[in-house]
Amino acid sequence: MAEIVIRNLRKEFGAFTAVRSSSFKIEDGEFFMLLGPSGCGKTTTLRMIAGLELPTSGEIYIDGEEVSRKPASQRDIAFVFQMFALYPHMNVRRNISYPLVSQGMSRRQVSEKVAEVARILGIEGILDRPVGGLSGGDRQRVALGRAIVRNPKAFMMDEPLGALDAEFREHMAEELRALHDRMGATTVYVTHDQLEAMQMGDKIVVMNHGVIEQFGTPQDIYSKPATMFIANFIGDPPMNFLRVRGSVEAGATSIRFHQRTMAVPEMREPFDGDMVVGVRPEHIRFSDSAEIRGQVRATEYLGTTQIVTVATENGDVKARIASGIYARTGENVGLEFDPATITLFDNQSGRALRSDLNEGVLSHV
Ligand code: ATP
């Protein structure tokens, strides 16, 4: 069990800065996701926490003790590199017991520990099988077993499900999360897959070009994005952006553009210039009386819902509406946005403007 605190962490590789100045806290027992596009610095951050890479500057604390310069072997962290990395010439029992045997633990203790881990993972029946003939799921369970048998303070996992096909991946994601809930060990998990992060994480740090864009619960990150990058990176389809020119006062509850008025959450800061109205597809509905109008360009049937693309004078807008609603290509429709869910952004910096919706969340960013 471990609480992990990261302060102003920075990593340079020569002239290139992979991680700029990261600060966040991982609570004891949390399933914590490091999310972002390829090359954003997730793995480097994870490797610094595990002690496999030394930071250029900044600090890492595990349970209150500074470990920034300590070698990996003194941090008591299990790094699950790649779940399929097993010793092929050993059977399941020997693969799982290997870390304990190499620590010099007695045979009886090793045997008890392996039995306990096998029970947790539901693999008691395959302990004497060679790993070579196992199914993908069982191999993955064995690799996990080898990590948890040491009972480390925390687990670091780097895209552990990356190599799996979609269906199996979802199954293993559920299993991993359930295992975490049973064991309650702090887990830090790297992924570039936003769905995986939302599905499994208690908290998410989203990184981009070595910088933390937002840190919070999946719900906050989805519904109260701190930046346009987040609003676009999270969600499928992503948040719609409508570019408008105008100004708002602190306390305003609507904005004006193109001689139209649009209700928004009460603003907490004034702004004048190029703004972007951000609205999620599921917060749009068709309405005959709506002022924002456009032509249906395409519909994508998804079973219970459909994604309707509407060309407006502010650009294409994607609405997720019930599939029973009839939308004909070429038809002129009015679009009503749920005002309580709208985020306004500064178009230049991409930063969300503070409002009733997001103020509590942005103060942590
Ligand atoms: P990916 O999912 O592609 O691994 P990531 O977010 O995990 O992405 P990192 O592996 O942390 O990214 O790498 C961040 C950046 O640092 C990349 O541009 C990478 O090329 C660079 N980098 C990582 N390790 C080194 C190294 N040892 N020497 C030089 N550059 C490195």
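Keep in mind it's a predicted model, so treat the numbers as computed, not measured.

Another aspect to go through is the overall build of the protein chain. Within the protein chain, the secondary structure is distributed over nine helices and 20 strands. In terms of overall dimensions, the protein chain has C-alpha extents of about 80 × 45 × 35 Å along its principal axes. Among the 365 residues that make up the protein chain, the fraction classed as buried is 51%. For the protein chain, the share of sequence-separated contacts (at least 6 apart) that also reach a separation of at least 24 residues comes to 65%.

As a further point, take the domain arrangement of the protein chain. According to the domain assignment, the protein chain contains domain 1 (4-223) and domain 2 (237-362). The C-alpha centroid of domain 2 is placed 38 Å from the C-alpha centroid of domain 1. Taken together, the contacts link five residues of domain 1 with five residues of domain 2. In total, domain 1 and domain 2 occlude about 420 Å² of area from one another, counting both sides; carbon and sulfur atoms represent 43% of this. When residues of domain 1 are sorted by the area they lose upon contact with domain 2, Asp220, Tyr222 and Ser223 head the list and together hold 84% of the total.

Here six strands make up an open sheet; going across it, the order is 6-7-8-3-9-10 and the pairing mixed. Each having just a single partner strand, strand 6 (77-80) and strand 10 (211-216) make up the two edges of the open sheet. Neighbouring strand axes in the sheet, compared pairwise and without regard to direction, differ in orientation by 15° on average. Bridge count for strand 9 (residues 203-208) against strand 10 is five bridges, and the pairing is antiparallel. Across the sheet, Val206 pairs through a bridge with Gln214, a residue of strand 10. Strands in contact with helix 5 (residues 166-183) are strand 3 (31-35), strand 7 (154-158) and strand 8 (186-191); relative to strand 3, the strand with the most contacts, it is inclined by about 140°.

Right, let's talk about the nonpolar core for a bit. Core analysis: the largest hydrophobic core is formed by 43 residues, its most contacted members being Val92, Ile96, Ile123, Val142 and Tyr189. If we ignore the near neighbours within four places in the chain, the residues touching Tyr189 are Phe31, Phe32, Met33, Leu34, Met157, Pro160, Leu161, Leu176, Glu196 and Met200. In terms of nonpolar packing, the next biggest core, distinct from the first, is built from 28 residues, Leu242, Met267, Val317 and Ile321 among them.

Taken together, Phe13, Phe16, Ala18, Pro37, Ser38, Gly39, Cys40, Gly41, Lys42, Thr43 and Thr44 make up all the residues around the ligand. Gly41 is positioned with one of its backbone polar atoms (N or O) 3.0 Å from an oxygen atom of the ligand. With respect to the ligand, the side chain of Thr43 contributes an N or O atom lying 2.7 Å from an oxygen atom. Contact with the protein chains hides 57% of the accessible area of the ligand, taken as 630 Å² for the molecule alone. Of the residues forming the shell around the ligand, the biggest block, three residues, is contributed by helix 1 (residues 42-50). Here the residues of the shell around the ligand are counted per class, giving five nonpolar, five polar and one charged.

Think of an α-helix as turning once every 3.6 residues; residues three or four places apart then point the same way. In this model helix 5 runs 26 Å from its N-terminal to its C-terminal C-alpha over 18 residues, within 8% of the 26 Å that 1.5 Å per residue would give. Of the residues making up helix 5, those classed as buried are Arg169, Met172, Ala173, Leu176, Arg177, Leu179 and His180. End-on, the buried residues of helix 5 take up no more than an arc of 160°, which puts them together on one face. Of the exposed residues in helix 5, the ones pointing more than 90 degrees away from its buried face are Glu167 and Arg182. Along its buried surface, helix 5 packs onto strand 3, helix 3 (107-121), helix 4 (136-148), strand 7, strand 8 and helix 6 (194-200). Of the residues flanking the end of helix 5, it is Gly184, one or two places downstream, whose phi is positive at about 70°.

Going from Asp236 to Pro237, the amide bond is cis rather than trans, its omega being -5°. Mapped onto the secondary structure, Pro237 falls in the loop between helix 8 (228-233) and strand 11 (240-248).

Another point: the pattern of salt bridges. This structure, assessed with the given rule, holds 25 salt bridges. Residues joined in a network through salt bridges with shared partners are Glu266, Arg268, Arg354, Asp356 and Glu359.

Turning our eyes to something else, we now look at the sheet that holds strand 5 (residues 65-66). Strand order in this open sheet of four strands is 2-1-4-5, and the pairing throughout is antiparallel. Across the chains shown, the open sheet's two edge strands, defined by having one partner strand only, are strand 2 (16-26) and strand 5. Sheet analysis places strand 4 (residues 57-62) next to strand 5, joined by two bridges and oriented antiparallel. Pairing of Ile62 across the sheet is with Glu65, part of strand 5.

Cut-offs and rules
Residues numbered from 1 in each chain as written. Predicted model: local features only at pLDDT ≥ 70, side-chain atom pairs only at ≥ 80, totals over all residues. Heavy atoms only, no water. Helix = DSSP H or I, 4+ residues; strand = E, 2+ residues; numbered from the N terminus. Buried < 20%, exposed > 50% of the residue type's maximum accessible area, 1.4 Å probe, protein only. Contact = heavy atoms within 4.5 Å. Domains from an automatic or database assignment. Buried area = accessible area lost by both parts, 1.4 Å probe. Pairing = 2+ DSSP bridges. Axes fitted to C-alpha atoms, helices over the stretch in contact; angles between N-to-C directions. Core = buried A, V, L, I, M, F, W, Y, C linked by side-chain atoms within 4.5 Å. Near = heavy atom within 4 Å. Polar contact = N/O pair within 3.5 Å; in protein donor to acceptor, adjacent residues only side chain to side chain. Areas by Shrake-Rupley, 256 points an atom, 1.4 Å probe, with all protein chains shown as cover. Nonpolar A, V, L, I, M, F, W, Y, C, P; charged D, E, K, R; others polar. Expected span 1.5 Å × (residues − 1). Arc of directions from axis to C-beta. Salt bridge = Lys/Arg side-chain N within 4 Å of Asp/Glu carboxyl O.

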